[in-house]
Structures are given as structure tokens and as C-alpha cells.
Amino acid sequence: MDLTTVLQILDSTIRLGTPLLLACLAGLFSERAGIFDIGLEGKMLAAAFLSAAAAFVTGDVWLGVAAGIFAALLMSAIHGLASITFRGNQLISGVAINFLASGLTVLLGQYWFALGGRTPSLTGDARFAPITLWGAEALREVPVIGPIYYELISGHTALVYVAVAMVPLSAWLLYRTRFGLRLRAVGENPAAVDTAGVSVVGIRFAAVAICGVLTGLAGAYLATGLSAGFVKEMTAGRGYIALAALIFAKWRPWYALGATMLFGFLEAISNRYQNIDLGGIVIPVQFMQALPYILTVVILAGFVGKATPPRAGGEPYVKER
Amino acid sequence: MAAERQQGRQAAAAPDSLAIELRGISKSFGPVQANKDISIQVRRGSIHGIIGENGAGKSTLMSILYGFYRADAGEIYIGGRLTPIPDSQSAIRAGIGMVFQHFKLVQNFTVLENVILGAEEGRLLRPSLAKARKALADLAREYELEVDPDARIEDLSVGHQQRVEILKALYRQADILILDEPTGVLTPAEADHLFRILKGLREQGKTIILITHKLREIMEITDTVSVMRRGQMTATVQTAETSPEELAELMVGRKVLLRVDKAPAIPGRTVLKVENLRVRDENGVERLKGIDLTVRAGEILGIAGVAGNGQSELLEVLGGIARGAGSVQLNGVELDLSGKHSDGQSRRLQGIAHVPEDRQHLGMIMDFTAWENVAFGYHNEPEYQKNALLMDNEALREDTRRKMERFDVRPPDCTLAAKNFSGGNQQKLIVAREIERNPDLLLIGQPTRGVDIGAIEFIHKQILALRDAGKAVLLVSVELDEIMSLSDRIAVMFDGRIMGFRDPATTDERDLGLLMAGVDDVKGAA
């Protein structure tokens, strides 16, 4: 395997890992505040659809992103209303959001575009173009460093860089600011926050809103960066994989980067190598494609060591003595 | 008597010397009126006790004062000024700090993070943390409130966690400190330390409200005491002018016997014989390091010790909940300690009844009704079976009704969920379930923890009645008073071992305290 092949695999790792990373960070904010969110999938799907639709109609990808964030925020508002204001069951609310998004995207897609639930293909300014970083062309011919910089680091779409920047930003927000302290406290022991005179509901809604923005970005990236348009069920379980990655990452931003890139890597491998021939034994393509999902099951079954979720996760907060 | 000498004297206090005055506070939760027209005056710089049985409305009243609940009616005056307290933020601004019975701490945060939570200086944490670190050092020096500021809460002992709660309040410049049942979770030494802290705070002019149902604490530390019963304030008296007997009567509404009256024990044959019993916890740490003891028929063996020295493990392995190694004989028959008969059901069939220490987790299912809870562990008894397939629920309910009547469980409704009974009545249900089966050996842990004073008397009588019927009782309690008054022999545990045996007639708290602290047995009497 030569350097170019390795770089190509890693390059597609980054591209495929990006939506997972954004969704994983989204889940991180929500769950750290004590709101479980299995509706990541639905939020991403809604965002992917509306961003593709808006980008097609306006021809501007950034308006598409804004529409995607709007769609995910709307879903977040439903989840927040159900699980924070009305203290409903967070899992059920999340499942409902997944169903809602799955049905609504196809329905609206068919109604608006009559293409069987897809949006028309995006071209030109309606989708994200790769960004060539400063000096990439000049460095291209330099051995080793040149290809790494040119292939791997440069040449991604804007949202990839946004996603990566979100990692230190999230870590800073969570661990260095007042908001982060309160958010983490609300997920561990909301009564402590309440008795300290801070609104539990306010913090939780803020967290759910951040989750909406990040899933919005993830969905928009799927439809306008990774692909060129919306296709029915295009999230393909990425919301659930992001949740698995979140557990793998022990609810920490930097670990989330590693965990999601591992999943991205597996997906990249399975895309590149269809049938792997190991001296007589052929590993079928289906197995390779199932790898990320197999890893998800393994992680969720608890084979990666003990991960302690936020203590108040999933519990609506009710005042008591 | 004391009831009629309430309010009159209080009106004499000058308003500026009052830290808090509540006038006509009422609060209902649905049909239940938790507080009825309560008025109280608390002098500045005093320790004011509020005493009452569980469910008397003490905690509700204090939660209203802290803004956790809103009163339906009534006024709150702080320092003589009318101060509405709609939320906790207002209470904090008014200089009120509260230490809840169940701590409001974030377990995986450090002490510093918990202290600044909600009282941060700005959007970034670093300056707040630095300021709090300095403030904590000052407070620690002033009030004996030493805590490692960088320790995580989950690594701290309960006593230290409580200090963090006090520090939180003081860091927010609280002048008035409310403590809700602060000693319920503390060892005697920790409780003493807490009282020293509280006295120090009083010397600095702070006002302290202490909610408790323990008469001894009231007598030891308060200046004034208010008594609550069924949502009403029945009396406020100077502590120096009252007695535990008078307070107990005010609390319960009738005369209460504080000392246990018991006939001398007539021990018979050996019922339980434990030899070299060892237990390891799930981390492989040895929690019982070779226990030897015997309990005879018609005898109560009391196990004293600071919580966490192996008493829980001893009860659990004897009750069939945990597994162990060594030898345990019941009436000369070897018990299975680690095989397939080491479970609660087998133990019950062999004649061991178990009232577990943690009643809400091991003793009952809180969402189940009283009669269902009374069935647990005995659900296979023939009289509860209708036929081979179905249980006879009506027989069970009838049996539960009888038990509830005999044990004076209130309210006497066997279809009510367990969580709707007070702690004392829950315990009565469990004790009824276990004792009424006429076991050879009763294991009973913390029989009166969280139980009000009227029910304590009743439960103690039941334990003694079982002993007098010639049964063996193994009693575990962290309340030394309880051990001393009930036991016929006392064993003191420390670090998984028995430090020594004592005769309650010839020992005292100091002697037992030394053994509890792990000082080697010099008397050596067994």
C-alpha cells in the first residue's frame, strides 16, 4: 500500500467521519445536560432534506445550511417541549422525531419536487465546493509533507473545517466557562443547580438548541457536502452510530473526535475494498459494509470498558425535597 | 402544659433582633395540608431547633423559607423587613443558605466547582475558581471546615460532603443557615465536629435553624426549640427550660416512654453459631475478616460500630443476599454460604427473618401496594395460594389488614402504595411481615432509621416481645442509644472484625466508642 492509497483512505475517513462528529457533539451537549437524544437521526434527516431543498430553490448553499439548522432546531424544540417542559419520556420523544422526519421528508419531497422523495441534484453554488488551503498548491510537490497537506488537510468543504473546529470549541465551552459548568451540573444533579438559584429548564433548553444547530450542520453536510442532494433515508443510521461513538467517547469532545473518525475509517475501508482476499478466504463486501454497524453493537454491548453516562440522563427534573 | 405557653413570650422580642419571622404560613399539596398557619420568630445569632415527627411539615416549612416551594399564604420577614421569596435565588440574596438532608452536590465535580456553581463571578471559570479557593481557605481556618478543594465529591466521606454544603452557603454570604436533619448520615464523631462548627458560626453572629427529630441534639446544641405536629406549630420554648420528655410529648401528642423497659434475658440454647466468616466485595476487598459469634435463643445481640465496618455485609451474608466463606450454623445445621441455597428464600424457609438496613431498596418495592409488599418472601406460603396456578390475593389482603391493625400502621389501607406511607409506617409493615412468621432468628438492621419517635417505641417493643418469646435476635444499629437499651450483649465491629463483646450493664459510651474507633480490646471480656 503506497502513501497515496493511505492518504486517500484517510481523506475519505475525514469526509465520512465529519457528519458523525457533528452529530456526536450534538448528542454530547444534549446528554451532558441530561437529555437523552435518540432523535439525532431524525434531526439530521430533516436538516439534510430542508437544506437540500433550500439550496436547490435559492441556489445558495449557505441558505441551505441555514434552512437545515432551522429544520433541526424545530425538531429540537419538539424534543425539548416534550421532555423538558412536559417531562415526557425522552426515548419515546426521540423515536417519534425519527419517525416524523423519516415520513415528513419523503412526503414533502414528493409534494415539492415529485421525484419520489428525493430533491433534484445540486450543482454549482448550491453545494459545497472543496476549499484549497493557503499554500497547498505550492507545497504539493514537496515529498511526504506536500501530499499530506494537499490531499489530507486541504481540499475539504467548509463544514469539515467547521466540524473539526467544534471539537476544541466544545471542550472549551464545557470545561472553561460558566455555561459549561452549569450544563454539566444539570446533567449530573439538576437539584444542585436548582438550589443554587439557576434555572434547570433554561440550561436544558440551551443544550437542546445547541444540539439542534450541530445536527443541522451534520444534516446539511450530508446533503450538500458529501452528496449532491437529498435521498430518502440518506442518514442511514448515522444518528445511531453517532450515539454509539458518544458512549465510546465517554461523553468527551476530544474522544468524540477519535471515536467518530474510527467509524469514518471503517466506512472508508469498506467503500474502497469491496472483496478482501486473504489468501483463499474472501471476506465478502457485505461484511465490510456491515463493519461500522457491527462495531456499534460491540460498543453498545459494553465491550469497550465502563463508560459512565451523566447521572441524571433521561430523567425529567421534578422538584422534590 | 407547654402547649399553652407558646407564642405569648415571643411577642416580647424586639423586631431588630429577629433574623427571621414567619407569619401565617400555609401550604397544601393537593388535599394534604403540610403547613397550617405557621408563625415563628428566630432570634439573630441563635441556634433554633425545629423538631417534629416525620411528616410533621418541618422540611416543607424550610423549603418555603428557601424558596424551593411557594407558600399558599403567609409572609416572610428577614431582618424585620417583609421579603417575598419566590425562588431560591431570592433566598440566597436574602442571606439564607440551606443544607438539605439529601445533599445537592454534583458527584463528579470537585469541591471548588460545587462551591462556585450558580455563584460564578463571570462567564469564564478560571477567575471564579481562584477566588473561591482563597475564600475556602479563609473559611476553613475560621470554622474548622477543612476540605480538600480539588477532591471530587464522590471520593469524600459523607461528613466532608456536608461540610461542602455548609461552605457553599457561607461562600454565598449566608447569614442564616438552615440544616435539615444534618446528623442522620453522620457518625457520632462527625456529628460532634458538626456541632462544633455550628457553635463557631453562632459565635460569629450567624443564625442557625436546625431541623431534626432527635431530642438529644436539640437538648445539646439549640437555644430555642419549636415543636411541630401534623403541620402545625405546637410550641416554642427555651431549650434550657424544657426536657426531652416534655418535647417528646409535644411532638407525639401523648406521653412517650423514652427508655426501653425490659425484663432480664433468659438465654437458652445456641441458635446461631458463626465461625470464621469471611466476605469479599465485588472488588475483591475483604469486608468481613473472620467473624466469630453466637446468638442464643431469648437473647438480643447488638452489633455496634461506625457505618461501613462490615455490619451491612454481616447482615447480608446471613440473610442470603451476599456470599461468603466460613461456617454458619442455625440450630446446629450448616447453612449454605456460597452455593445454590445461599439466597433469601432458602434462609426464610430455614427460619431466618431479615429486616434489611436499607428498607427502601432491599425491604420493599416502593411503587407496590402494602399487601404486595407484605407478600414478598412469603408469596409461596400455602395459605396465600388459591390453587396450583393462582395466588389468593384476597387472603393476602385480609392477612395484611390484620397485620396493619396489630402493628398500628397508618393509614390502615392495604391497597396504598408503599411510598405513600411514612418511614415509620413502612418499617412497621416490614417488621410485621418478618416477625409475624415466627422466625427462629431475626436479623434486623437500623430498625429505627428515619422512623419517628412514636414508632420507635413500638418497634422496640416488638423486638423485645420476640426475644421474650424465646427467639434469637441479631440487631445492627449505628445508634448507640438503641444498641445500649435493647441489647443483652453487645459486639463492636471495626474494619470487618469484632473488636470485643460487652455487657450493656457494665459498659458505657466511652468504652464502646474506643472499640468502635478500632482501639484494641484491653478488657478482653467475651
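Residues numbered from 1 in each chain as written. Chains lettered and ligands numbered in written order. Predicted model: local features only at pLDDT ≥ 70, side-chain atom pairs only at ≥ 80, totals over all residues. Heavy atoms only, no water.

**A closer look at the UniProt feature "transmembrane region" (unreviewed entry) in chain A**
Residue and element names in this part refer to chain A.
Point 1. The UniProt record annotates "transmembrane region" (unreviewed entry) at residues 12–30, 65–84, 91–113, 158–175, 205–231, 251–269 and 281–304.
Point 2. Within the segment residues 158–175, helix and strand shares are 100% and 0% respectively, and the terminal C-alpha atoms sit 26 Å apart.
Point 3. In residues 251–269, the share of helix is 89% and the share of strand is 0%. The end C-alpha atoms are 26 Å apart. (UniProt positions renumbered as here; feature names shortened; annotations may be inferred. Helix = DSSP H or I, 4+ residues; strand = E, 2+ residues; numbered from the N terminus.)

**Quick notes on the domain arrangement of chain B**
All names here are of chain B.
Point 1. Its domain assignment divides chain B into domain 1 (1–95 + 215–252) and domain 2 (270–361 + 438–516).
Point 2. Measuring from the centre of the C-alpha atoms in domain 1 to the corresponding centre in domain 2 gives 39 Å.
Point 3. Taken together, the contacts link 7 residues of domain 1 with 7 residues of domain 2.
Point 4. A buried area of about 470 Å², summed over both sides, lies between domain 1 and domain 2, and 52% of it is on carbon and sulfur atoms.
Point 5. Summed over the three residues of domain 1 that lose the most area to domain 2, namely Glu53, Asn54 and Arg216, the buried surface amounts to 70% of that side.
Point 6. Along the contact surface separating domain 1 from domain 2 lie 1 salt bridge.
Point 7. Between the two partners, domain 1 and domain 2, sit 1 residue pair in polar contact (both at pLDDT 80 or more). (Domains from an automatic or database assignment. Contact = heavy atoms within 4.5 Å. Buried area = accessible area lost by both parts, 1.4 Å probe. Salt bridge = Lys/Arg side-chain N within 4 Å of Asp/Glu carboxyl O. Polar contact = N/O pair within 3.5 Å; in protein donor to acceptor, adjacent residues only side chain to side chain.)

**Describing the packing of aromatic side chains**
Point 1. Evaluated as defined, the whole model comprises 11 aromatic pairs over all chains.
Point 2. Note on Trp112(A) and Phe113(A): the rings are 6.4 Å apart at their centroids and 85° apart in plane angle, and the pair reads as edge-to-face.
Point 3. Looking at Phe113(A), the relative accessible area reads 17%, which means it is buried.
Point 4. Measuring from centroid to centroid gives 5.8 Å for Tyr66(B) and Phe100(B), while their planes differ by 80°, and the two rings are edge-to-face. Of this pair, Tyr66(B) sits in the loop between α1 (58–65) and β4 (73–78) while Phe100(B) is found in the loop between β6 (96–99) and α3 (111–116), placing the two residues 34 residues apart along the sequence. You'll find Tyr66(B) and Phe100(B) in the same group, each marked buried.
Point 5. Its end group placed over the ring of Tyr77(B), Arg23(B) keeps NZ or CZ at 4.1 Å from the ring centre.
Point 6. The ring centre of Phe100(B) lies 4.9 Å from the NZ or CZ of Lys104(B), which sits over that ring. (Phe/Tyr/Trp six-rings, centres within 6.5 Å; stacked < 30°, edge-to-face > 60°. Buried < 20%, exposed > 50% of the residue type's maximum accessible area, 1.4 Å probe, protein only. Lys NZ or Arg CZ within 6 Å of the ring centre and 35° of its normal.)

**Things to note about the pairing of strand β20 (residues 497–502) of chain B**
The side chains of a regular strand alternate, residue by residue, between the two faces of the sheet.
Residues and elements named next belong to chain B.
Point 1. In this sheet, β20 lies alongside strand β19 (residues 489–494) in antiparallel orientation, the contact comprising 5 bridges. Bridge assignment links Val492 to a residue of β20, and that residue is Gly500.
Point 2. The antiparallel hairpin formed by β19 and β20 contains 2 residues in its connecting segment, where Asp495 sits at a positive phi of about 50°. (Pairing = 2+ DSSP bridges.)

**Remarks on the packing of helix α7 (residues 158–176) of chain A against helix α10 (residues 200–226) of chain A**
Residues and elements named next belong to chain A.
Point 1. Remark: α7 packs on α10, axes separated minimally by 11 Å, with the N-to-C direction vectors making an angle of 160°. Here α10 runs roughly antiparallel to α7, going by the angle between their axes. When you trace α7 past α10, the crossing you get is left-handed. When α7 is examined against α10, the residues Leu159, Val160, Val162, Met166 and Leu173 are found in contact with a partner set consisting of Ile210, Leu214, Leu217, Ala220 and Tyr221.
Point 2. Residues belonging to the contact of α7 with α10 are distributed by class as follows: 10 nonpolar, no polar and no charged. (Axes fitted to C-alpha atoms, helices over the stretch in contact; angles between N-to-C directions. Parallel < 35°, antiparallel > 145°, perpendicular 65-115°, else oblique. Left-handed = near helix turned anticlockwise from the far one by under 90°. Nonpolar A, V, L, I, M, F, W, Y, C, P; charged D, E, K, R; others polar.)

**Thoughts on a nonpolar patch on the surface**
All names here are of chain A.
Point 1. A surface patch of nonpolar side chains, amounting to about 530 Å² of accessible area, comprises Leu3, Leu139, Val142, Val144, Ile145, Ile148 and Ile153.
Point 2. Top element by residues in the nonpolar patch is helix α6 (residues 145–153). It accounts for 3 residues.
Point 3. Judged by relative accessible area, Ile153 falls into the partly exposed class, the value being 40%. (Patch = residues over 30% accessible without salt bridge, like charges linked within 9 Å, V, L, I, M, F, W, Y side chains within 5 Å. Areas by Shrake-Rupley, 256 points an atom, 1.4 Å probe, with all protein chains shown as cover.)

**As for the environment of Ala47(A)**
Residues and elements named next belong to chain A.
Point 1. Here Ala47 is to be found in helix α2 (residues 40–58).
Point 2. Sequence-wise, Ala47 and Gly64 are 17 residues apart; in three dimensions their C-alpha atoms are separated by 9.1 Å.
Point 3. In this view, Ala47 contacts Gly68, Ala71, Ala72, Thr215, Gly216, Gly219 and Ala220; residues no more than four positions away in its chain are not counted.

**Some points on the UniProt feature "domain: ABC transporter" (unreviewed entry) in chain B**
Point 1. The UniProt record annotates "domain: ABC transporter" (unreviewed entry) at residues 20–255 and 272–520 of chain B.
Point 2. In the segment residues 20–255 of chain B, helix accounts for 36% and strand for 27%; the C-alpha atoms at its two ends are 32 Å apart.

**Description of the sheet that holds β6(B)**
Residue and element names in this part refer to chain B.
Point 1. Across the sheet, 6 strands lie side by side as β6-β7-β8-β3-β9-β10; this open sheet has mixed pairing. Each edge of the open sheet is held by one strand with a lone partner, namely β6 and β10 (232–238). Strand-to-strand twist across the sheet, computed as the mean angle between neighbouring axes with direction ignored, equals 20°.
Point 2. With 4 bridges joining them, β6 and strand β7 (residues 176–180) adopt parallel strand pairing. Paired with Ile96 across the two strands is Ile176, which belongs to β7.
Point 3. Of the strands in this sheet, β6 and β7 touch helix α5 (residues 158–171), which is tilted by about 170° from β6.
Point 4. Against the sheet, helix α8 (residues 244–252) engages β3 (47–52), β9 (224–229) and β10, with an angle of about 30° to β9.

**A closer look at the interface of chain B and chain A**
Point 1. The interface is formed by 31 residues belonging to chain B together with 24 residues belonging to chain A.
Point 2. Both faces combined, the contact of chain B with chain A buries some 2400 Å², and carbon together with sulfur accounts for 57% of it.
Point 3. For the pair chain B and chain A, the interface holds 3 salt bridges.
Point 4. A salt bridge links Arg182(A) to Glu120(B); its shortest N-O distance comes to 2.5 Å.

**Structural notes on helix α3 (residues 61–85) of chain A**
Residue and element names in this part refer to chain A.
Point 1. The end-to-end C-alpha separation of α3 is 34 Å, in line with the 36 Å expected for 25 residues at 1.5 Å each.
Point 2. In this structure Asp60 caps α3, since a side-chain oxygen of it lies 2.8 Å from the backbone nitrogen of Trp62.
Point 3. Arg87, located one to two residues past α3, shows a positive phi value of around 55°. (Expected span 1.5 Å × (residues − 1).)

**Topic: the nonpolar core**
Point 1. Ile166(B), Leu179(B), Leu198(B) and Leu201(B) are the most contacted members of the largest nonpolar core, which totals 123 residues.
Point 2. Formed by 44 residues, the second largest nonpolar core is a distinct cluster that contains Ala353(B), Val409(B), Ala432(B) and Ile483(B). (Core = buried A, V, L, I, M, F, W, Y, C linked by side-chain atoms within 4.5 Å.)

**With respect to the sheet that holds strand β11 (residues 270–280) of chain B**
The pairing of strands in a sheet happens through backbone hydrogen bonds and is either parallel or antiparallel.
All names here are of chain B.
Point 1. With respect to topology, 4 strands assemble into an open sheet ordered β12-β11-β14-β15, the strand pairing being antiparallel. Strands with a single pairing partner mark the edges of an open sheet, and in this sheet they are β12 (286–296) and β15 (333–334).
Point 2. Where β11 meets strand β14 (residues 325–330), 5 bridges bridge the pair, whose relative direction is antiparallel. If you follow Lys273 over to β14, its bridge partner there is Gln329.

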